[in-house]
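Reading the structure
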Amino acid sequence: MMAAVDNYKKSRPPPAASAGVIGWCRQNLFSSFSNTILTLVSFYLLALAIPAFLDWAFFSSQISGNTRFDCKVEGACWAWVDQRFGQFLFGFYPEGERWRVILAFVLLFPALIPWVTQDLPGQRYLRWFSVAYPAIATILLAGGLGLREVPTDKFGGFMLNLIVGLSGIVLSLPVGILLALGRQSKLPLIRWLSIGFIEAIRGVPLITLLFVSNILLPIFLPPDMTLDSIIRVIIMVTAFASAYMAEVIRGGLQAIPSGQIEAAHAMGLNYWKSMRLIVLPQALRISIPGIVNTFIGLFKDTTLVIVIGLFDILGIANAMVSNPDWLGLSTETYVFVAVFFFAVCFSMSRYSMWLERRLGKQRH
Amino acid sequence: MDNSKLNNSDNHLRVIEIEGLNKWFGSFHVLRDVSLSVEQGEKIVICGPSGSGKSTLIRCINFLEEHQEGQIVVDGIELTGDLKNIDAVRREVGMVFQSFNLFPHLSVLENCTLAPIWVRKTPQAEAEKLAMEYLDRVKIPEQAHKYPGQLSGGQQQRVAIARSLCMKPKIMLFDEPTSALDPEMIKEVLDVMVDLADSGMTMLVVTHEMGFASQVADQIIFMDEGQIVEQNTPSEFFDNPQSDRTKLFLSQILSH
């Protein structure tokens, strides 16, 4: 029999082979024969692709010229960027007024700060600014208060994607939350209405909804009431995204143990307070990957506005590719557009990872 | 002896009055004609085999479960479907659950101040002071800024008790408060409950801790198949059980 332990063993650092760069490589890249093969094949493919792309995009490319006939190089011809950059960003927004769009874009960042950090001085004012931002941006973009009015059919380019995408993102989250709660409601009427809305919207392609908003909606509305086409798009995109959002959030709601709601009720919190203070903070945290996934999908779907005659960045690109001056430059054009979408979508994805980490830290 | 104790209390107010309570889960008749009255300051321990309806009974008292027949009056307020009455009763009745049900996204202190701030409209500073008093009373003031996930089971259950007490309830319900705990932690929770009982709180406790029952209870209720089979003082209940079912139950839980 073993004697009782007098001294507990001290904890030691792990063996050197499992730490450091070499340890990492050994564990992750060369841990077995098949892993080693995979690593080598991957490196080989990357070695083929990356230099070739860099050569095409930068080293053998050309950046000056007036038409495609000036393009003399093997690689990419970026000569059109100089001429068309403004259009890609602003569509047909009058050139003299474009500073307003830039200002609205710059002001977006302080408006986003309250969502990114919580420990800045003047946080309260920023929060108010964040709430007021949609009104400020609307006035800057469309005019009013002494600013010249710009009709919304002049809106276009990447600015249009951002307007529709951000409005859809900001609106679809609260609408999605209400639909998700409605779908779980004990009141049959609210439950049926929520289910009906979600299933009807989800069962139809967004492109159809956009057509409906363009052709059918004016028939239902009173004849003297016209709804701006961008507002119609925002309504439809929001409706579409919020139906998906509702299902993502419902998944999160179902993951919250019923004991949480019981405890909240037992303490005297009513339904809305229990949801707001106890259930939703936990359910939304679980749903972050799905929510951001829906946001990213929504943002890319903004390119569909082309079907109702609005020219977003992709619409402008399509128009340029079929322009005789620049015929045949479709690769360059679409790569250029892809960079814009990638920048926004990748940022959203990083933001979601950061948010998950931060909320996770709070908990442990 | 227990009767004399009750008579000596200032006025024996009936704080809970249950009359002819019936409840079904689907077609399963879970509570059958249960009647029970509880006086202020009384401690009642409810025991019985699983599925006997003891948890359901105390969950009816704060309307976590809706009853179909019978009458429940808590602190003079009858529980019907009326939301106002339900909220009023819940403000006066605290509950401690088997699985603690602390809010994992809030710190211990925030768990305790949430209901006072949002239900009682207590100013935050005052609510925090109150919370620290109760955390002190359950002997974990030093954990106030941790999150529930960082605490042991026993500590979590003590936080849950403090959280309920922060609403200054008149009645406390305990639904198997020690059943999910490691043996080493049961005592620390029972100590807090004994302390609470000594302070004169009205308590209904569903538990199998017979040591606690004999030490604290004024009445022990034994339930089986949705009915109150036997109700007696601890000494009578343990030494002179009346029904065969009670004898069998006692022989099984006391044999270890």
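Residues numbered from 1 in each chain as written. Chains lettered and ligands numbered in written order. Predicted model: local features only at pLDDT ≥ 70, side-chain atom pairs only at ≥ 80, totals over all residues. Heavy atoms only, no water.

Turning to the overall build of chain A, a few remarks are in order. A tally of helices and strands in chain A yields 14 helices and 0 strands. Scanning chain A from its N terminus toward the C terminus, one meets helices and strands in the order α-α-α-α-α-α-α-α-α-α-α-α-α-α. Taken over C-alpha atoms, the radius of gyration comes to 27 Å for chain A, far larger than the 21 Å a tight globule of 364 residues would show. In terms of overall dimensions, chain A has C-alpha extents of about 95 × 60 × 45 Å along its principal axes. Taken across its 364 residues, chain A has 38% of its residues classed as buried. For chain A, the accessible area works out to roughly 21,400 Å², and carbon and sulfur atoms hold 68% of it. Side-chain charges of chain A comprise 28 positive and 20 negative groups, with the mean position of each set lying 15 Å from the other. (Helix = DSSP H or I, 4+ residues; strand = E, 2+ residues; numbered from the N terminus. Rg over C-alpha atoms; globule rule 2.2 N^0.38 Å. Buried < 20%, exposed > 50% of the residue type's maximum accessible area, 1.4 Å probe, protein only. Areas by Shrake-Rupley, 256 points an atom, 1.4 Å probe, with all protein chains shown as cover. Lys, Arg positive; Asp, Glu negative; His and termini not counted. Charge placed at Lys NZ, Arg CZ, Asp CG, Glu CD.)

What follows covers the interface of chain A and chain B. Between chain A and chain B, the residue contacts involve 20 residues of the former and 24 residues of the latter. With both sides pooled, the region where chain A packs onto chain B buries about 2,000 Å², and carbon together with sulfur makes up 63% of that total. Our count for the contact surface shared by chain A and chain B stands at 1 salt bridge. One salt bridge connects Glu262(A) with Arg59(B), and the closest N-O pair in it is separated by 2.7 Å. (Contact = heavy atoms within 4.5 Å. Buried area = accessible area lost by both parts, 1.4 Å probe. Salt bridge = Lys/Arg side-chain N within 4 Å of Asp/Glu carboxyl O.)

The next thing to look at is empty space enclosed by the protein. One pass over the structure, following the stated rule, counts 1 cavity of 30 Å³ or more. The volume enclosed by the largest cavity comes to roughly 80 Å³. Ala266(A), Met267(A), Gly94(B), Met95(B) and Ser164(B) are, among the 13 residues lining the largest cavity, the residues nearest its centre. When contributions to the lining of the largest cavity are tallied by element, the ones reaching two or more residues are helix H11 (258-266) of chain A together with helix H3 (83-92), strand S6 (93-96) and helix H6 (153-165) of chain B. Among the elements that take part in the lining of the largest cavity, S6(B) stands out by supplying 3 residues, more than any other. The residue inventory of the lining of the largest cavity, partitioned by class, reads 8 nonpolar, 2 polar and 3 charged. (1 Å grid on protein atoms, 1.4 Å probe; cavity = no way out; pocket = protein on both sides within 12 Å on 5 of 7 lines; lining within 4 Å. Points joined across faces, edges and corners; volume = space filled by probe spheres on them. Nonpolar A, V, L, I, M, F, W, Y, C, P; charged D, E, K, R; others polar.)

Our focus in this paragraph is the domain arrangement of chain A. Residues and elements named next belong to chain A. The domain boundaries assigned to chain A delineate domain 1 (93-150) and domain 2 (155-363). Computed from C-alpha atoms alone, the centre-to-centre distance between domain 1 and domain 2 is 21 Å. Tallying the contact residues gives 11 residues for domain 1 and 8 residues for domain 2. Summing the contributions of domain 1 and of domain 2, the shared interface buries around 720 Å²; its carbon and sulfur component is 72%. The largest per-residue losses of area from domain 1 upon contact with domain 2 belong to Tyr93, Val116 and Leu141, which jointly make up 45% of the total buried on that side. Counting every contact that joins domain 1 to domain 2 gives 0 residue pairs in polar contact (both at pLDDT 80 or more). Mapped onto the side of domain 1 that touches domain 2, the elements with two or more residues apiece are helix H4 (98-116) and helix H5 (123-142). (Domains from an automatic or database assignment. Polar contact = N/O pair within 3.5 Å; in protein donor to acceptor, adjacent residues only side chain to side chain.)

On inspection of all chains with the given rule, the structure shows 22 aromatic pairs over all chains. Geometrically, the ring pair formed by Trp80(A) and Phe88(A) is tilted, given 5.5 Å between the ring centres and 40° between the ring planes. Ring plane angle 55° and centroid distance 5.6 Å describe the contact between Tyr93(A) and Phe155(A), whose orientation is recorded as tilted. Of this pair, Tyr93(A) sits in the loop between helix H3 (79-90) and H4 while Phe155(A) sits in the loop between H5 and helix H6 (157-183), placing them 62 residues apart in sequence. You can call Tyr93(A) buried: its relative accessible area is 1%. It is Arg163(B) that lies over the ring of Phe103(B); its NZ or CZ is 4.5 Å from the centre. (Phe/Tyr/Trp six-rings, centres within 6.5 Å; stacked < 30°, edge-to-face > 60°. Lys NZ or Arg CZ within 6 Å of the ring centre and 35° of its normal.)

The subject of this paragraph is the packing of helix H4 (residues 108-118) of chain B against helix H5 (residues 124-137) of chain B. Residues and elements named next belong to chain B. At a closest axis distance of 9 Å, the pairing of H4 and H5 adopts a crossing angle of 125°. In terms of orientation, H4 lies oblique with respect to H5. Here H4 runs over H5; the crossing is right-handed. Listed contacts from H5 to Val108, Leu109, Cys112, Thr113, Pro116 and Ile117 of H4 are Gln124, Ala127, Glu128, Ala131, Met132 and Leu135. Classifying every residue of the contact of H4 with H5 gives 9 nonpolar, 2 polar and 1 charged. (Axes fitted to C-alpha atoms, helices over the stretch in contact; angles between N-to-C directions. Parallel < 35°, antiparallel > 145°, perpendicular 65-115°, else oblique. Left-handed = near helix turned anticlockwise from the far one by under 90°.)

All names here are of chain A. Within the structure shown, the criterion is met by 17 salt bridges over all chains. Notably, a salt bridge pairs Glu97 with Arg100, separated by 2.7 Å at the nearest N-O pair. On the accessibility criterion, Glu97 (13% relative accessible area) is buried. For the salt bridge of Arg202 with Glu247, the shortest nitrogen-to-oxygen distance reads 3.9 Å. With a gap of 45 residues between them, Arg202 in helix H7 (residues 188-202) and Glu247 in helix H10 (residues 229-254) connect regions that are remote in the sequence.

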